[in-house]
Structures are given as structure tokens and as C-alpha cells.
Amino acid sequence: MRDNSYQAVMARRPDIMKAAVGMDYSRFESGGIAFDYEGMMQAPGLSLQEIEAIQHSYAIGNTPLIELKNITALARACAAPGKGARIFVKDEASNPSGSFKARRAAVSVEMARRMGYKGVVTATSGNYGAAVASCAAKAGLRCIVVQECFDSHGVGQPEIVEKARKCEAFGAEVLQLTVGPELFYVFLRLLEETGYFNASLYTPYAILGIETLGAEIARQFRTLEGRDPDLVIATNAGGGNLTGTARGLLHENCATPVAAASVSLHGLHMASDTQFNRKSFTTGHTGFGVPFSTWPDRSDVPRSAGRPLRYLHSYHTVTQGEVFFMTETLSRLEGMERGPAGNTSLAAAFSLARQMPSDQCIVVQETEYTGAGKHHNAQLAFARSRGIDIRFGDPRDEVPGQSIVLPRAPELIQAQEADLAQMRRSLIRNARQHFPGLVRPEDIPFLMDETRADEAFVRAQCEEEP
Amino acid sequence: MPKQGDWVRIHSVVLSPDQRAPQVPEDTAGVPLEMWVKGYLTEDAQVGDAVTVRTAAGRLAQGTLTEGGLNYTHSFGDNVPELRQVAAMVWDRVFGGDSHA
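What you are looking at is a predicted structure, and each value in this text was computed from that prediction instead of being measured.

## What about the overall build of chain A?
Tallying secondary structure elements over chain A gives 18 helices and 13 strands in all. For 466 residues, the compact-globule estimate of 2.2 N^0.38 gives 23 Å, and the C-alpha radius of gyration of chain A, at 21 Å, lies within 12% of that figure. In terms of its C-alpha atoms, chain A occupies a principal-axis envelope of roughly 70 × 50 × 45 Å. Per-residue burial for chain A yields a buried fraction of 66% across its 466 residues. Partitioning the contacts of chain A with sequence separation of at least 6, the portion at a separation of at least 24 is 77%.

Pasting the structure below:
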């Protein structure tokens, strides 16, 4: 009989994963820090056109690119003369499951189907579960979604409760857990029990699926404006959204810089039972965004295909109150009722646009669906019921877990720029800790690619004490 | 009494506090990892019984039969008056005048 203790299952992780993603990651390894990232991305042998064909067969993609003229007007009313870039948004909520996650789910589910798997399993409390469930429904595959949903008192985060409902609406089995990273243990046991495909967010399939989003932005923007946008901004959590979008832009020879935005949950521990229901964002926040950017291989596959520091030009944080403010603004000024998490990058864009000349353009690369539980009113009401202090004021005074400060004027929405050099240093430090010993010559160009940094920067970090 | 074939929800303890991963913070380490799943009851039972269900994915899962948990009760939440103030503020800045928000 198989030993199903926590330690025994975790020890079987490499073999379970190999069987569940239909891909041998060892052939991309060099035996140290460096690995063949581009080789891994090309291994599935799927061109952008083939990925688009898969997504179209699932009714995914070709979402509208919409100019937010009234939000631009508001930004200009809060900016110096001549400032206030035009803001556009890619309305990804119009995908069948209500978010851009449909793009990555479609490729994973279709590959699972082609490889003969009978079902797919995914560990996610977010929109990705709904996306996988939706695609599995269309592909005729079984689907299991594992969620971190409740605190130890059985109180569910309303947004995650809603995701469970949506997954079940598409016919998925949903396992709902209390707080803790051992969710991964449950996930591994399920993969072993069922022999299903691991529809991970971090395989090449998943990231290739997002490249179409970047490519569409480049093509649609050129059709609308006859040029490239000046900035594309993406909400960042696990890093796949940003990576795929940036790669898609590059595929279309679009050199527009890509920025990341996350909600600041500074001070909250993501694995804490008591803090679990004191945050109002379950994704798109710094609790995922920073650790996954500075060490992508903490994901559920041996090497993550989402590696945001390779692509991002700047990283901005916004507060929960700022995002809720912009979510209400999107609804009331543009007639678009969308979920708050997807509007993280919109809040950052509203801040950045006010510093940019008025003839420039920013593209916010996603929206997500909203509904009971995940509506901003639902989240604020839940937070208030948990004793969080909700008030108007200066968002800089917000303390995650204690208060949500709605800006008393739109001028006070001020995205904070994170220290990218610090994040690059952190990635190199993490790589060296993961592969103790000397940094080899082939690791230097790899780390330069990993961090978008020059050789002198990388060498300086590699010479420090680990 | 729940009958064989009824759609029900079961509960189980996946890891007791002493079995939890070493890296979890203290508050989490002090409570068990619990799990809920839904499925079709394989035999007649009463709430609190150890039962087996067949899940939506066709799996057999074991746990304790719980009461309720099948209805979706999440909502748009109690009225948050501040959101109407946000709406009025941004409307006035863009369109001017009385928004009646």
C-alpha cells in the first residue's frame, strides 16, 4: 500500500509531476542555475497561429480593445496641463469564463485532450479554475479544482466561494480546503489517484496561451491608432500574465515597454489562517507577485514558464482602496461593471497616465468578470463585517488587514514604484541559494536574461557572499 | 434522512495540527487542514456518519456527512454607502453639476 503521508507524497513529487504534465523538464536542465528557457517554450511545437486556432475553437480571444475616454478625462482633470495619456483596456471579461485565464486554460486542456488524458486537475482559488472547468466542459474532459477557500472557522472568502460556484456550474468537482500550503499535497495525491493532467498555470502551454493576448493588443492598437502604444500594463501575481503578454507583443515586433501592477498586501502572511479573511484581494497582489517574480520556480512545475523579470520595465503597487475606487469609477464613468482584481492595473494606469503627455497611450491588458462575492461591494461589505476600517482619506495611510482607505480625491491615487534593482538582486540570490556552489560561466548570460540586467550587474551579485 | 443518490457535502481532516508542513505560521500550525467536497451519496446515511460519495469527476471520496453547504448564499453584500460617494465624486469631475448619485 502506498504511503500517503505528507512527507512521502512530497518526496514523490518529481515523478507525479512528470506523469501529469506530459513533459520531461530534465532535458532543458544544465545541472545548475541556467536552463534552456526558450527550448522549453518551443518544446510543445505550437506556433502562435496554432494557439490562436485552438483558442478560437473554444470561442476564446479576439476580445475588444476599448478606449476609456471618460476615465482619461478624469485623469486629465487631475493632471498638469498637457499631461494625461489616453487609457485603453482589453476587455478580457468577454471570454467564455470571464477572464484572460481562458487563454491559458484552452491550450492546457486541448493538449491534455490530444495526449489522451481523461481529465484535468488544477490548484487555484482564482479565475483559472473557472477557465479550466469551462474548457474541460467543451472538451468533454473531467475536471477537478482544488481551492484554498475557508479559514479554520469555516468562513469562506466570498470571491473564492463564487469561483467554486462557477467551477461547479461548468461541471467541475471542487475540493475546498482551509488555509495552508499543504493544498499542494492534496493536489499531488489527486494527480496520483486520477492520472489526470496537471493544468498548471506555469507550463509552457499556459504561457503560450497568453501570447495571443499580447499579439492581439499590438494588432488591434495598430488598427485603431496606426502605431504602437506607449505602455502596456498588466496585473502581476504568478508572473504568467505579464510574461505571456510581453512575449506576444515581441512576436508582433512591438517594442512597447511592459509594466507590472500588484495590490500591496504588505505585512500580511499568505499562509496565515487568521489573516486569510483580512485581505480583500485573493490574487494580483504582492503576496504572490513579489515572491514569484524573484523566484519563479516556486511554482507547481520544475521550471516555470512565467518569468516576469525577463520582460518587465517597471513594477508598481497600488492599494486595495485605490483599486476599489477605480472599479467603481469604471462602472460609473464607462458603463463597464468588472471585477476588482483585474482593475489593479487600471488603478496603476490611472496614476501613470497623469505623468505622461496627453498624446501618449496606455493599454491596460485585462478586465475580469464580476458577480456575487467577487463584486467590489461584496468585498467591501465582507471586509467591514470582519472589522476592517473602511474610510475616505489618503491611500498611503492604508494598513492591509486593518484598513481600506478609499481616496478622498482621485488625485490621491498614486501608484508606488517598486525597486526593480532590488528584485533583480533577490532573484540572483535565490538562484544561488537554490543551486549552491560556484556560479558557472554559462549561468551569467542566463541570469542577464532572467533579470534584464547587464553583465556588470549580474557579476557584482554573483561575487557577493550568498 | 439523506438517501443513496442524494447530492451531499462531506467533510474530512486532511492533516491534523501535528502533521502540518513545517513552514506554516504558528496560527495555521495550530489548526487542522480541513476539506469539503460534494458528491452523490453511495448509501443511505445520517448527518455525522462516515460516508462515501461519488464526485462530479466520478471519484469516490470518503468523509463525514455534513448538513447543508449545498446552497449558494454568497451575495453582493450589504450596502456600502462610500461607493455612492465615489460615484458622485468622479461623475462631478467629468460631467459637472449635480449627479444625483
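## Brief notes about the confidence of the model for chain B
Looking at chain B, pLDDT values average 94 and 95% of them are 70 or higher. As scored by the predictor, the complex reaches a pTM of 0.96 and an ipTM of 0.95.

## Some words on the interface of chain A and chain B
Contact residues are listed per partner, giving 63 residues for chain A and 46 residues for chain B. Both faces considered, chain A and chain B share a buried interface measuring about 4,400 Å² in area, 63% of it formed by carbon and sulfur atoms. Looking only at chain A, the three residues that lose the most surface to chain B are A:E173, A:E182 and A:R332, adding up to 13% of its buried area. Residue A:E173 pairs with B:R59 through a salt bridge whose shortest N-O separation is 2.5 Å. Linking chain A with chain B are 26 residue pairs in polar contact (both at pLDDT 80 or more), by the criterion used here. For the side of chain A that touches chain B, the class distribution of residues is 33 nonpolar, 17 polar and 13 charged. Direction of pairing for strand β5 (residues 173–178) of chain A relative to strand β2 (residues 33–41) of chain B: antiparallel, over a ladder of two bridges. Each bridged residue has a counterpart across the sheet, and for A:L177 the counterpart in β2(B) is B:M35.

## Focus: helix α4 (residues 48–57) of chain A
An α-helical segment advances 3.6 residues per turn. Residues three or four places apart therefore align on the same side. Residues and elements named next belong to chain A. For α4, every residue scored as buried is listed here: L48, I51, E52, I54 and Q55. The arc that holds every buried residue of α4, seen down its axis, measures 160 degrees, which confines them to one face. Contacts made by the buried residues of α4 are with α6 (101–114), α10 (204–225) and α11 (240–251). Backbone geometry just after α4 places A59 at a positive phi near 60 degrees.

## Side note on the sheet that holds strand β2 (residues 86–90) of chain A
Residues and elements named next belong to chain A. One open sheet accounts for seven strands, arranged β1-β2-β10-β7-β8-β9-β13; its pairing is mixed. The outermost strands of the open sheet, each flanked by one partner alone, are β1 (65–67) and β13 (416–417). Pairing between strand β8 (residues 258–263) and strand β9 (residues 312–318): six bridges, direction parallel. The residue of β9 that forms the bridge with A259 is S314. Across the sheet, helix α14 (residues 344–353) lies against β2, β7 (231–235), β8, β9 and β10 (361–364), angled at about 145 degrees from β7, the strand it touches most.

## A closer look at the packing of aromatic side chains
Residues and elements named next belong to chain A. Per the stated rule, a full pass over the model turns up 13 aromatic pairs over all chains. With a centroid separation of 5.1 Å and 65 degrees between ring planes, the pair formed by Y117 and F197 is classed as edge-to-face. In this pair, Y117 is assigned in the loop between α6 and β3 (119–123) and F197 in strand β6 (residues 197–198), connecting sequence segments 80 residues apart. Taking relative accessible area as the criterion, Y117 reaches 14% and is therefore assigned buried. Judged by relative accessible area, F197 falls into the buried class, the value being 0%. Each member of the aromatic cluster is reached from another via a ring pair, and the members are F35, Y37 and F446. Positioned over the ring face of Y369 is K166, at 4.2 Å from the centre of the ring.

## Some words on the nonpolar core
General note: in soluble globular proteins, nonpolar side chains tend to be found buried as a group. Residues and elements named next belong to chain A. Counting residues in hydrophobic clusters, the biggest one holds 83 residues, and the most contacted among them are M40, Y58, V120, V132, C143 and L447. Beyond its immediate chain neighbours, meaning those up to four positions away, V132 contacts A105, V109, V120, T122, C143 and A199. Within the second largest apolar cluster, 49 residues are counted, among which are F324, M336, A341 and L406.

## Description of unusual backbone geometry
A positive phi angle is found at A:N62, which is not glycine, with a value near 55 degrees. Under the relative-accessibility criterion, A:N62 is labelled exposed at 55%.

## With respect to the pairing of strand β4 (residues 60–65) of chain B
Residue and element names in this part refer to chain B. Pairing of strand β1 (residues 7–15) with β4 involves two bridges; the strand directions are antiparallel. Residue I10 lies in a different strand from β4, and its bridge partner there is L65. Where strand β3 (residues 50–54) meets β4, five bridges bridge the pair, whose relative direction is antiparallel. Paired with T52 across the bridge in β4 is Q62. Adjacent in sequence and paired antiparallel, β3 and β4 are bridged by five residues, among which G58 carries a positive phi angle near 90 degrees.

## Let's talk about helix α18 (residues 455–463) of chain A
All names here are of chain A. Residues F457, V458, Q461 and C462 constitute the buried set of α18. Looking straight down α18, one finds its buried side chains confined to an arc of 130 degrees; they lie on one side. More than 90 degrees from the buried face of α18, the exposed residues found are A456 and E463. Residues of α18 that are buried make contact with α16 (420–434) and α17 (443–451).

## Observations regarding the state of the cysteines
Inspection of every chain in the model, using the stated rule, returns zero disulfides over all chains. Unpaired in this structure, A:C361 has its nearest cysteine sulfur neighbour in A:C254, at a distance of 12 Å.

## Quick look at the pattern of salt bridges
All names here are of chain A. What the rule picks out here adds up to 38 salt bridges over all chains. Across the pair R103 and E216 runs a salt bridge, and its minimum N-O distance is 3.0 Å. Separated by 113 residues along the polypeptide, R103 in helix α6 and E216 in helix α10 bring together distant segments of the chain. With a relative accessible area of 0%, R103 lands in the buried category. With a shortest N-O distance of 2.8 Å, D297 and R303 are connected by a salt bridge. Assigned by exposure class, D297 and R303 land together as buried.

About the cut-offs
- Here, residues in each chain are numbered from 1, in the same order as that chain's written sequence.
- Chain letters start at A and ligand numbers start at 1, both assigned in the order the entries are written.
- Restriction of local features to residues with pLDDT of at least 70 applies here, the model being predicted, together with a cutoff of 80 or more for giving and counting side-chain atom pairs; totals for whole chains, interfaces and linings are based on all residues.
- For side-chain calculations, the full set of non-hydrogen atoms in the structure is used, while hydrogens and water are omitted.
- Helix numbers and strand numbers start at the N terminus; a helix is a DSSP run of H or I with at least 4 residues, a strand a run of E with at least 2.
- Taken over C-alpha atoms, the radius of gyration is set against a globule rule of 2.2 Å times the number of residues to the power 0.38.
- Accessibility here uses a 1.4 Å probe with only protein chains present; expressed as a share of the type maximum, an area under 20% marks a residue as buried, one over 50% as exposed, and anything in between as partly exposed.
- We call two residues in contact when some of their heavy atoms are within 4.5 Å.
- Each residue gets a pLDDT score, which is the predictor's confidence in that residue and runs from 0 to 100.
- Note: buried area is the sum, over both parts, of the accessible area (probe 1.4 Å) each one loses when the two are combined.
- By definition, a salt bridge exists where a carboxyl oxygen of Asp or Glu is found within 4 Å of a side-chain nitrogen of Lys or Arg.
- Nitrogen and oxygen atoms within 3.5 Å of one another constitute a polar contact, given that in protein one can donate a hydrogen and the other can accept it, and given that sequence-neighbouring residues count only through two side-chain atoms.
- Residues were grouped as follows: Ala, Val, Leu, Ile, Met, Phe, Trp, Tyr, Cys and Pro as nonpolar; Asp, Glu, Lys and Arg as charged; and all remaining residues, including Gly, as polar.
- Pairing between strands is defined by DSSP: at least two bridges between them are needed.
- This arc is taken over the directions from the axis of the helix to the C-beta atoms.
- The convention used is that axes are lines fitted to C-alpha atoms, helices contributing only their stretch in contact, and that angles between N-to-C directions extend from 0 to 180 degrees.
- Between rings of Phe, Tyr and Trp, where Trp is taken as its six-membered ring, a pair exists when centres lie within 6.5 Å; planes separated by under 30 degrees are stacked, by over 60 edge-to-face, and by other angles tilted.
- Note on geometry: a ring has a charge over it if NZ (lysine) or CZ (arginine) is within 6 Å of the ring centre and within 35 degrees of the ring normal.
- Working definition of a nonpolar core: buried Ala, Val, Leu, Ile, Met, Phe, Trp, Tyr and Cys residues. They are joined through side-chain atoms within 4.5 Å.
- In what follows, a disulfide is any cysteine sulfur pair within 2.5 Å.

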